[in-house]
Amino acid sequence: MNLLPKSSKEFGSVDYWEKFFQQRGKKAFEWYGTYLELCGVLHKYIKPREKVLVIGCGNSELSEQLYDVGYRDIVNIDISEVVIKQMKECNATRRPQMSFLKMDMTQMEFPDASFQVVLDKGTLDAVLTDEEEKTLQQVDRMLAEVGRVLQVGGRYLCISLAQAHILKKAVGHFSREGWMVRVHQVANSQDQVLEAEPQFSLPVFAFIMTKFRPVPGSALQIFELCAQEQGKPVRLESAERLAEAVRERQQYAWLCSQLRRKAKLGSVSLDLCDGDTGEPRYTLHVVDSPTVKPSRDNHFAIFIIPQGRETEWLFGMDEGRKQLAASAGFRRLITVALHRGQQYESMDHIQTELSARVMELAPAGMPAQQQVPFLSVGGDIGVRTVQHQDCSALSGNYVIEDVQGDDKRYFRRLIFLSNRNVVQSEARLLKDVSYKAQKKRKKDRKKQRPADVEDLPAAPGQSIDKSYLCCEHHKAMIAGLALLRNPELLLEIPLALLVVGLGGGSLPLFVHDHFPKSCIDAVEIDPSMLEVATQWFGFSQSDRMKVHIADGLDYIASLAGGGEARPCYDVIMFDVDSKDPTLGMSCPPPAFVEQSFLQNVKSILTPEDPPPPSGSPCLQNNSGFCKTLHSS
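Just so it is clear, the structure is predicted and the values come from calculations on it, not from any experiment.

**Student:** Before we go on, may I ask you to explain the packing of aromatic side chains in this structure?
**Tutor:** Any pair of aromatic rings gets described here by the distance separating the centres and the angle formed by the planes. Summed over all chains, the structure comprises eight aromatic pairs. On the numbers, 5.5 Å between centres and 40° between planes, the contact of Tyr156 with Phe174 is tilted. Taken together, the residues span a long stretch of sequence, with Tyr156 in strand β5 (residues 150–160) and Phe174 in helix α7 (residues 164–176) at a distance of 18 residues. Using a relative accessible area of 0% as the deciding quantity, one classes Tyr156 as buried. For the pair Phe592 and Phe597, a centre-to-centre distance of 5.3 Å together with 75° between the ring planes defines the contact as edge-to-face. When its relative accessible area of 10% is taken as the criterion, Phe592 is described as buried. Chaining the aromatic ring pairs together yields one cluster made of Tyr156, Phe174 and Trp179. Lys51 extends its terminal NZ or CZ atom over the ring of Phe115, reaching a point 5.2 Å from the ring centre. Cation over ring: Arg72 sits above Tyr67, and NZ or CZ is 4.7 Å from the ring centre.

**Student:** Looking at this structure, I do not really get the pattern of salt bridges. What am I missing?
**Tutor:** Scanning all chains against the criterion turns up 22 salt bridges. Note that Glu353 and Arg281 form a salt bridge whose closest N and O atoms lie 2.7 Å from each other. You can see Glu353 sitting in helix α11 (residues 347–359) and its partner Arg281 sitting in strand β13 (residues 280–288), a full 72 residues away along the chain. Using a relative accessible area of 34% as the deciding quantity, one classes Glu353 as partly exposed. Ionic pairing is found between Lys322 and Glu319, a salt bridge with its closest N-O pair at 3.7 Å. Of this pair, Lys322 and Glu319 both sit in helix α10 (residues 318–328), three residues apart, which is roughly one turn of the helix. Shared partners join several salt bridges into a network, and the residues in it are Glu310, Arg340, Arg384 and Glu401.

**Student:** For this particular structure, what's the right way to read helix α13 (residues 472–479)?
**Tutor:** Along an α-helix, residues three or four apart share an orientation, since each turn contains 3.6 residues. Looking at α13, one finds that the buried residues are His474, Met477 and Ile478. The arc enclosing the buried residues of α13, seen along the axis, measures out at 100°, which places them on a common side. Projecting away from the buried face of α13 at angles above 90 degrees are the exposed residues Glu472 and Ala479.

**Student:** Looking at this structure, how should I read the packing of helix α6 (residues 133–149) against α7?
**Tutor:** Any two packed helices are characterised by how steeply their axes cross, that is the angle between the axes, and by the distance between the axes. One can describe the packing of α6 onto α7 by two numbers: an axis separation of 11 Å at closest approach and a directional angle of 50°. With respect to α7, the axis of α6 lies oblique. Every pair of crossing elements has a handedness; the one defined by α6 and α7 is right-handed. In contact with Leu136, Val139, Asp140, Leu143 and Ala144 of α6, α7 contributes Lys169, His173 and Phe174. Classifying every residue of the contact of α6 with α7 by side-chain character gives five nonpolar, one polar and two charged.

**Student:** Teacher, can you tell me more about the sheet that holds strand β15 (residues 332–338) here?
**Tutor:** Sheets are built from strands paired through backbone hydrogen bonds, the pairs being either parallel or antiparallel. Pairing within the open sheet is mixed, and its five strands lie in the order β12-β13-β15-β14-β16. Because the sheet does not close on itself, it has two edges, and the strands there are β12 (268–273) and β16 (374–376). Pairwise comparison of adjacent strand axes, ignoring direction, gives a mean angle of 25° for this sheet. Sheet analysis places β13 next to β15, joined by seven bridges and oriented antiparallel. Within β15, the position partnered with Val287 by the bridge is Leu333.

**Student:** Looking at this structure, I do not really get α6. What am I missing?
**Tutor:** If you check α6, its first and last C-alpha atoms are 25 Å apart, about what 17 residues at 1.5 Å a residue would give, namely 24 Å. Those residues of α6 lying buried are Thr135, Leu136, Val139, Met142, Leu143, Glu145, Val146, Gly147 and Val149. Elements in contact with the buried residues of α6: β1 (52–55), β4 (115–121), α5 (123–127), β5 and α7.

**Student:** What exactly am I supposed to notice about empty space enclosed by the protein here?
**Tutor:** If a probe as big as a water molecule is rolled over the atoms, it shows which places are left empty. Scanning the model with the defined rule gives three cavities of 30 Å³ or more in all. Put simply, the largest cavity is a space of about 60 Å³. For the largest cavity, the full set of lining residues is Ala427, Ile464, Asp465, Lys466, Tyr468, Leu469, Ser506, Leu509, Phe510 and Phe537. It is helix α14 (residues 506–514) that provides the largest number of residues to the lining of the largest cavity, a total of three residues. Class assignment for the residues of the lining of the largest cavity results in seven nonpolar, one polar and two charged.

**Student:** Explain the sheet that holds strand β17 (residues 384–392) here, please?
**Tutor:** Across the sheet, which stays open at both edges, the four strands sit in the order β17-β18-β19-β20 with antiparallel pairing between neighbours. What marks the edges here is a single partner per strand, and that holds for β17 and β20 (423–428). Direction aside, the axes of adjacent strands within the sheet are offset by 15° on average. Pairing between strand β18 (residues 396–404) and strand β19 (residues 410–416): seven bridges, direction antiparallel. Note on β19: the bridge partner recorded for Asp402 is Arg412.

Basis of the calculations
Residues numbered from 1 in each chain as written. Predicted model: local features only at pLDDT ≥ 70, side-chain atom pairs only at ≥ 80, totals over all residues. Heavy atoms only, no water. Phe/Tyr/Trp six-rings, centres within 6.5 Å; stacked < 30°, edge-to-face > 60°. Helix = DSSP H or I, 4+ residues; strand = E, 2+ residues; numbered from the N terminus. Buried < 20%, exposed > 50% of the residue type's maximum accessible area, 1.4 Å probe, protein only. Lys NZ or Arg CZ within 6 Å of the ring centre and 35° of its normal. Salt bridge = Lys/Arg side-chain N within 4 Å of Asp/Glu carboxyl O. Arc of directions from axis to C-beta. Axes fitted to C-alpha atoms, helices over the stretch in contact; angles between N-to-C directions. Parallel < 35°, antiparallel > 145°, perpendicular 65-115°, else oblique. Left-handed = near helix turned anticlockwise from the far one by under 90°. Contact = heavy atoms within 4.5 Å. Nonpolar A, V, L, I, M, F, W, Y, C, P; charged D, E, K, R; others polar. Pairing = 2+ DSSP bridges. Expected span 1.5 Å × (residues − 1). 1 Å grid on protein atoms, 1.4 Å probe; cavity = no way out; pocket = protein on both sides within 12 Å on 5 of 7 lines; lining within 4 Å. Points joined across faces, edges and corners; volume = space filled by probe spheres on them.

As structure tokens, then:
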């Protein structure tokens, strides 16, 4: 028997509801959940002694179950005479204090300020089917009546799917009246999601609109969101931000439903944010391994990436995560990256914090009550210490952080926050500058000094291991010097180098320290990076190494236009990337491989070198000239 209307407009028709309840009979019809699913939010916002009005009660058992647990002062109204008659007959003997009245909620007959709570389970959604003028006028009358019959301090508690036009109307109406607006998510787990259509799921929300006494001239508006997993509401700055937060939760519910249905979604990632600050706290990637044969214990696992290692290929790239999932042997693996700027106490604390949320992402077919393992490298969450953060006019926000690698050695990194998963520069810290050693030395100094003498901070760059190159492309570029001349002579003959792109300065610093006859010009477009390299990465200029603050393209073009007086370099190394992700080519940027620029590069290279061995990497242009050139 199909009880659905031919169009959504029929939801507002008296005739439709009379026919609906005649065909439905006395079997209860529960919109948006049963009492057991909604009782948490109902008991939170309704006190047992308060007088409650239920509008559009239908034949839901909600009022009956509230009555049975102690809520005795309940009045129910509906426009259907059929359903009111049914409910009176069902409750006359068992619930004598509860009343059922046939009444139009847009023209209620109650005196002003008669109730402390107006409860609406799906009625606003049923009436507000579109945004046509006639519909909006009817909703305005309904909401105005709700406001009239509520006492100051009373609450309109509306259970809704919070579709965009409904949320906009309800929030807009009551915020203009000076009421406090709160949206509370009441269904967000696998067993509390409304199956609205075969292809998607919608979570259920409660609007809690609290009536304040009007204050002439006051423009104060209060918007709050209370998520199911949070104990306290979060204050939001505007109705637009509230709508955005609700939409995010609806999208998350849809994503969970698709993952349960084994939908092919491609790469799936999402951020879980701190409930108090709204800042990202965890980044989750969902990785399925269809080739893994299902067994009792291999359905699902969580992998916590140690802090600072989220940029590694195995954890930071799709192919790496797929390899990790296949190696772990689980049908679905969720990798969890921990964000800088957040505090994490321990693996156990992270597991407690994530357990409920990640279970919403479990695959279909996983046995109930199955324990989900939390995995990591070495069983710990790693170490990350942010040493410095600042903003560059050219590069944007950046941080300097020390992280612990897989061999327990510490590394210092420069990260541009516009591309958080890319290490811009990296250097290894000396072994004797471990945090335990620093702590012990600080403790020893305190014992040996007068009480009024403060610790002097150690120079940030003094702990750098300048003999070690962390970046693989730096190692390749240094190895490429062997193609220039006989490797045995490189330490004895003068070598002129131009390095375009300074970053942390590791590359030019290594050349300077290991090739004693070398002279290096480094070009860096961002003056902030010279400060970073000097203060945090142990870089310093000398009579053999100078830094020029300039655009590398312009600097080489100006040298190429210098005629006979232009300098010549034995080697030019490019260690540059693009800050514009829309270019499609990041390292080097496209302008560095244009033919005209490469001609400029050729013109400032020394022409005396013998040709490199057959088959070696080289830069070759249309003239047939071959010259060694290093590029990241």
